[in-house]
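So the chains spell out like this:
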Amino acid sequence: MKKILIALLSGIIFGLGLSLSQMTNPNKVINFLDITGQWDPSLAFVMMGALLVTFISFRVVLKRPDPVLEESFHLSKRTDIDKPLLVGAAIFGIGWGISGYCPGPAVANLGAGSIEALVMVLSIYSGFFFQKWLSHKSQ
Amino acid sequence: MEDFTPLSAMLGGALIGLSVTILLLFNGRMAGISGIMNGLFNSPRDEVIWRFTFLCGLIIGAFIFQLISPDFFVPRQGFPLWLVAIGGFLVGIGTRLGNGCTSGHGICGIANMSKRSIFSTLTFMTAGMLTVYLIKHLL
């Protein structure tokens, strides 16, 4: 139960942060990516703000042997730079540039009653299922 | 440059940093939104619930923000929904293939000094910028 409340709290703060920073504003996202046009570098400061906190907090948190409510930390131990990582990131970046939404803002904007967000979330899921089907097929 | 908002962007980013720190400290989880979205349909029952509440929190957070300051930014009007759908589909494929998005790689992974996340972030940022350049300035 506690873990569920923590997830809820964490989600709410995340949603507030996305909204305040305007990551939820696709026009602003596209203006951020538009470096040769009317460039708006604001969203670089979102990452800066987040990393200023997490660079310190993750060091402190990961010094603990385990998390407060769970038996162990769930961390990826992979270090290989493989083709799926880079091709996937490139495909994601293209979709981000076309739509102006990455997954977090797409979900958060459901709370602002945005029809674009609904379309975005449904098509992200169709992409998930398509990719899963593709990877099963190729095995 | 237009609508440069470094302060709200930075504060919003710091809130996102706080959110991912809480989830890591208590639940031992990296708050990667695309992974959490995907896990909603591919996990055992007790793993589904926290993911579901996190995503609900995300929506509630954006909803609360919208209630407090409805005029914070003007929602995008008249953008073709089929473009959003194509973008979303690519975001879905890309984030699965590349194991993460802006939050998982861009914030959590980089804070954890993951080489994979640094490469992923550089790739999706570049791809996003090239895509916007292509759409806005060449097409």
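Residues numbered from 1 in each chain as written. Chains lettered and ligands numbered in written order. Predicted model: local features only at pLDDT ≥ 70, side-chain atom pairs only at ≥ 80, totals over all residues.

**What to know about the overall build of chain B**
Logical step 1: Within chain B, the secondary structure is distributed over 6 helices and 0 strands.
Logical step 2: For chain B, the N- to C-terminal ordering of α and β elements is α-α-α-α-α-α.
Logical step 3: Counting only C-alpha atoms and orienting by the principal axes, one finds that chain B spans roughly 45 × 35 × 30 Å.
Logical step 4: Evaluated residue by residue, chain B yields a buried proportion of 57% over its 139 residues.
Logical step 5: Across chain B, contacts joining residues at least 24 apart in sequence account for 42% of those joining residues at least 6 apart. (Helix = DSSP H or I, 4+ residues; strand = E, 2+ residues; numbered from the N terminus. Buried ≥ 20, exposed ≤ 12 C-beta atoms within 10 Å, placed from the backbone. Contact = placed C-beta atoms within 7 Å.)

**Observations regarding unusual backbone geometry**
Logical step 1: With a phi close to 70°, Gln22 of chain A is a non-glycine residue in the positive phi region.
Logical step 2: Of note, Gln22 of chain A is situated in the loop between helix H1 (2-21) and helix H2 (26-33).
Logical step 3: Residue Gln22 of chain A is classed as buried on the basis of its 24 C-beta neighbours within 10 Å.
Logical step 4: Positioned with a positive phi, Asn99 of chain B is a non-glycine residue whose angle comes to about 55°.
Logical step 5: Its place among the elements puts Asn99 of chain B in the loop between helix H4 (81-97) and helix H5 (102-111).
Logical step 6: A residue is classified by how many C-beta atoms lie within 10 Å of it, and Asn99 of chain B, with 22 of them, is buried.

**Quick look at helix H6 (residues 115-138) of chain B**
Logical step 1: If you check H6 of chain B, its first and last C-alpha atoms are 33 Å apart, about what 24 residues at 1.5 Å a residue would give, namely 34 Å.
Logical step 2: Of all the residues in H6 of chain B, the buried ones are Arg116, Ser117, Ser120, Thr121, Thr123, Phe124, Met125, Ala127, Gly128, Thr131 and Val132 of chain B.
Logical step 3: Buried residues along H6 of chain B sit against H2 and helix H4 (83-99) of chain A together with H5 of chain B. (Expected span 1.5 Å × (residues − 1).)

**Observations regarding the interface of chain A and chain B**
Logical step 1: The interface of chain A with chain B comprises 102 residues on the first partner and 98 residues on the second.
Logical step 2: Secondary structure elements with two or more residues in the side of chain A that touches chain B: H1, H2, helix H3 (42-61), H4, helix H5 (103-108) and helix H6 (115-137) of chain A.
Logical step 3: Top element by residues in the side of chain A that touches chain B is H1 of chain A. It accounts for 18 residues.

So, to be careful, I would describe these as geometric facts and stop short of saying anything about function.
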